[in-house]
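A structural walkthrough
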Amino acid sequence: MLTYQCLSLDLTSKQAILKQVPESPLFTVAFTQSETGSLKVLTNPVALPLKFPRAEGGADLPAVLTLELSYGQVSHITSGYSLMTQLYEQTCLNRRCLNYKEPLPDERRCPLCIKPTRKALLIKTLSEESFEQPYRTQFSAPIVKVAIDSTAQDYLQTFAREARTSLSRSGQPIPPGYQQLWEYPSSLIAIHSFGHQILRSLQLFARVDPREVNFSVVKEPGGSNHYAGYFYDTSDGGNGASEAVFKHRAELSSTAAAIARGCDCDAGCAKCLIQHGCPDGNTALLKQLGLVLLDALAEPLVEKNALPTAQTETEISS
Ligand SMILES: [Zn+2]
Ligand SMILES: [Zn+2]
Ligand SMILES: [Zn+2]
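So, a few notes on the structure that sits alongside this text. These figures come from a predicted structure and were not determined experimentally.

1. Some remarks on the coordination of the zinc ion (ligand 1)
Of the protein atoms, only Cys92 (SG), Cys97 (SG), Cys110 (SG) and Cys113 (SG) coordinate the zinc ion (ligand 1), at distances of 2.3 Å. Around the zinc ion (ligand 1), the four donor atoms sit at angles spanning 99 to 114°, and that spread fits a shape best called tetrahedral. On the basis of relative accessible area, Cys110 is assigned to the buried category, the value being 1%.

As structure tokens, then:
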């Protein structure tokens, strides 16, 4: 992997001057905000029933995922960046401790919680820069909005809570990837992962070039767990990719579930979940939470009589 530092950017001549830098622990993360808004609705929204596995003896939960195709505007606003560094250092890995992931060089035990320290990869912010004038790119293209109702949000919340409980109960350190469950709301992780998994299926099933389409998640007004996802074409005027998502939604969901399940990784990897160019920096992703939505959409309903708890545990330990 090569690293470049940007020395200058001239918007009038559309030129950026980059310098290759030798291997370094330094890197930057841009503060970018995406805004996606509908200008004109192209079709009636489609409400797809989500068939979650029901608890034994419980009633079916009539949850719904809505897809809406419209012509809209996509903006990316970059207002600055953080300069970060990564270091491999002794630290406290007790999540309830104030020293969690703080560097503790030369300490064999955490001075606060007395637990033994361990070596781990730590990320530190060195500085933050804000641009005088944010950089803004904007274009109009077809977009597909994905939203879930409050029954689905509640189901995901319970699923995530049970997964956290079963992961903590093992007494082992939380495996990489699953930490997302503590750091982000369950609806955000589920919709984001679902979007990435559909994109992966679109690339294979509908042979859409990954650069032609992207997905971003936006906080919606309402409770803390309200999020919506947007598939959007990445070129002004559109290229048909989002319309393909809308048109082939049934096949895409079942193919996406098969790809995710067929991948031999645990919590999601570059083959099944990570997307190059994700505007959200590939954070808040977890294979299992995306699969909850994909499986609930898949037709016909396969064997799903297991308790959600039991399923959570087998999926996570496998
Ligand atoms: Zn500690
Ligand atoms: Zn994978
Ligand atoms: Zn993403």
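2. A short note on a nonpolar patch on the surface
Residues Leu2, Tyr4 and Leu18 make up a contiguous nonpolar surface patch of about 330 Å² in total accessible area. Following the sequence through the fold, Leu2 ends up in the segment before strand E1 (3-10).

3. Focus: the coordination of the zinc ion (ligand 2)
The protein atoms that coordinate the zinc ion (ligand 2) are Cys263 (SG), Cys265 (SG), Cys269 (SG) and Cys272 (SG), at distances of 2.2 to 2.4 Å. Around the zinc ion (ligand 2), the four donor atoms are arranged such that angles at the metal cover 100 to 119°; this shape is classified as tetrahedral. Written as a sequence motif, the donor arrangement for the zinc ion (ligand 2) is C-x1-C-x3-C-x2-C.

4. Details of the nonpolar core
Residues Leu50, Phe52, Leu65, Leu289 and Leu293 are the most contacted members of the largest nonpolar core, which totals 53 residues. Element by element, the count of residues in this core is highest for helix H3 (residues 186-205), at eight residues. Grouped together as the second largest cluster of nonpolar side chains are seven residues, Phe139, Ile143, Tyr230 and Tyr232 included.

5. A look at the environment of Ala241
In this structure, Ala241 sits in helix H4 (residues 241-247). Ala241 sits 55 residues away from Ser186 along the chain, and the two C-alpha atoms are 27 Å apart.

6. Points about the packing of H3 against helix H5 (residues 249-262)
Across the interface, H3 lies against H5 with an axial gap of 8 Å and an inter-helix angle of 100°. One way to sum up the angle between H3 and H5 is to call them roughly perpendicular. On H5, the residues that touch Gln197, Ile198, Arg200, Ser201, Leu202, Leu204 and Phe205 of H3 are Glu251, Leu252, Ser253, Thr255, Ala256, Ile259 and Ala260. For the contact of H3 with H5, a count of residues per class yields eight nonpolar, four polar and two charged.

7. Regarding the pairing of strand E4 (residues 46-50)
On E4, burial follows the alternation: Val46, Leu48 and Leu50 on one face are buried, whereas Ala47 and Pro49 on the facing-out side are not. Where E4 and strand E5 (residues 63-91) come together, five bridges link them in antiparallel fashion. Along E5, the bridge assignment pairs Val46 with Leu67.

8. Observations concerning the pattern of salt bridges
What the rule picks out here adds up to six salt bridges. With its nearest N and O atoms 3.2 Å apart, the salt bridge here joins Lys124 to Glu102. Here Lys124, found in strand E6 (residues 118-148), pairs with Glu102, found in the loop between E5 and E6; they are 22 residues apart in sequence, far enough to count as distant. Glu102 sits in the partly exposed class, given a relative accessible area of 32%. A salt bridge links Glu220 to Lys145, with the nearest nitrogen and oxygen atoms 3.2 Å apart. Taken as a pair, Glu220 in the loop between strand E7 (213-219) and strand E8 (227-233) and Lys145 in strand E6 lie far apart in primary sequence, 75 residues in all.

9. As for the side chain of Asn94
Within the secondary structure, Asn94 is located in the loop between E5 and E6. According to the relative accessible area criterion, Asn94 is buried, its value standing at 15%. Here the side chain of Asn94 touches Arg96 through a polar contact of 3.1 Å, landing on its backbone nitrogen. Beyond its immediate chain neighbours, meaning those up to four positions away, Asn94 contacts Tyr100, Cys113 and Lys115.

10. Quick notes on the packing of helix H1 (residues 150-169) against H3
Their axes nearest at 8 Å, the elements H1 and H3 cross at an angle of 100°. Classified by the interaxial angle, the pair formed by H1 and H3 is roughly perpendicular. Between H1 and H3, the residues in contact are Gln153, Leu156, Gln157 and Ala160 and Ser186, Ser187 and Ala190, respectively. Here the residues of the contact of H1 with H3 sort into three nonpolar, four polar and no charged.

11. As for the environment of Gln288
Within the element layout of this structure, Gln288 appears in helix H6 (residues 287-297). Given a relative accessible area of 5%, Gln288 falls into the buried group. Sequence separation between Gln288 and Phe159 is 129 residues, and the spatial gap between their C-alpha atoms is 9.9 Å.

Definitions and cut-offs
- Residues numbered from 1 in each chain as written.
- Chains lettered and ligands numbered in written order.
- Predicted model: local features only at pLDDT ≥ 70, side-chain atom pairs only at ≥ 80, totals over all residues.
- Heavy atoms only, no water.
- Donors = N, O, S within 2.8 Å, 3.2 Å for Na, K, Ca; no water.
- Tetrahedral: all angles 85-135°; square planar, octahedral: opposite > 155°, others 65-115°.
- Buried < 20%, exposed > 50% of the residue type's maximum accessible area, 1.4 Å probe, protein only.
- Patch = residues over 30% accessible without salt bridge, like charges linked within 9 Å, V, L, I, M, F, W, Y side chains within 5 Å.
- Areas by Shrake-Rupley, 256 points an atom, 1.4 Å probe, with all protein chains shown as cover.
- Salt bridge = Lys/Arg side-chain N within 4 Å of Asp/Glu carboxyl O.
- Helix = DSSP H or I, 4+ residues; strand = E, 2+ residues; numbered from the N terminus.
- Core = buried A, V, L, I, M, F, W, Y, C linked by side-chain atoms within 4.5 Å.
- Axes fitted to C-alpha atoms, helices over the stretch in contact; angles between N-to-C directions.
- Parallel < 35°, antiparallel > 145°, perpendicular 65-115°, else oblique.
- Contact = heavy atoms within 4.5 Å.
- Nonpolar A, V, L, I, M, F, W, Y, C, P; charged D, E, K, R; others polar.
- Pairing = 2+ DSSP bridges.
- Polar contact = N/O pair within 3.5 Å; in protein donor to acceptor, adjacent residues only side chain to side chain.

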